[in-house]
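# Architecture and fold: a report
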Amino acid sequence: GLPSSLKVKLENPNVPVQHVENFQLGKDFGAIQGKYTFYTPLELGINSKIVYASTEDGWNDEEVDAITIKEMEITASVTNNLPLDIEITGYPIDVEGNRINNAKFEGVSVKANAVDQPLNIRITEEIKHLDGIYFEAVAVPNGAENVLKPTEYILLKDLKVKVSGNY
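Residues numbered from 1 in each chain as written. Predicted model: local features only at pLDDT ≥ 70, side-chain atom pairs only at ≥ 80, totals over all residues. Heavy atoms only, no water.

Next up on the list: the environment of Leu155. In this fold, Leu155 is placed in strand β10 (residues 154–166). Setting aside residues no more than four positions away along its own chain, Leu155 makes contact with Ser77, Val78 and Thr79. (Helix = DSSP H or I, 4+ residues; strand = E, 2+ residues; numbered from the N terminus. Contact = heavy atoms within 4.5 Å.)

See the structure below:
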């Protein structure tokens, strides 16, 4: 489905050049207000992007805290029936929400309209005191205007996590 809210950023807002009569100089006209209505389906232009970020945490306990991870690999099969390519980045976090040891995954791409595309995320930095993962997915139109429909989705199947290290 669609998000419950949208953050709209106005770049270079201005008032169009127009003929004005009887404009009173030096008078405070107060704040400018307006209302906007968006109709679905939502159409994205060439310079649009959708950013989704999430933190999956709360994993740390006595047992997890005692684990030192040398390498982590996450695999899945992804179906993306959105008309948008998606770039995924992220990193492991500790109990305070801080990035661990500059470890990260990046450059993971999911193509528009992909069906069962293999997804392989690998982290090779040492990880201690793991509490979760922060990740961000950025969807960008691939050169044409795109219309999003409520029936479109991203599906992850066969999600597996493999770690090596010591306890």
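This brings us to the pairing of strand β8 (residues 132–141). Direction of pairing for strand β2 (residues 50–56) relative to β8: antiparallel, over a ladder of 7 bridges. The residue bridging Tyr52 from the neighbouring strand is Ala137, located in β8. (Pairing = 2+ DSSP bridges.)

In this section: the layout of surface pockets. Volume-wise, the largest pocket comes out at about 1800 Å³. Along its surface, the largest pocket is lined by 47 residues, and Ile50, Val51, Tyr52, Ala137 and Ala139 are the ones closest to its centre. Listed by contribution, the elements that provide at least two residues to the lining of the largest pocket are β1 (42–44), β2, β3 (68–80), β4 (84–93), β5 (105–110), β6 (114–123), β8 and β10. Among the elements that line the lining of the largest pocket, the one with the most residues is β8, at 5 residues. Residue classes in the lining of the largest pocket are distributed as 34 nonpolar, 5 polar and 8 charged. (1 Å grid on protein atoms, 1.4 Å probe; cavity = no way out; pocket = protein on both sides within 12 Å on 5 of 7 lines; lining within 4 Å. Points joined across faces, edges and corners; volume = space filled by probe spheres on them. Nonpolar A, V, L, I, M, F, W, Y, C, P; charged D, E, K, R; others polar.)

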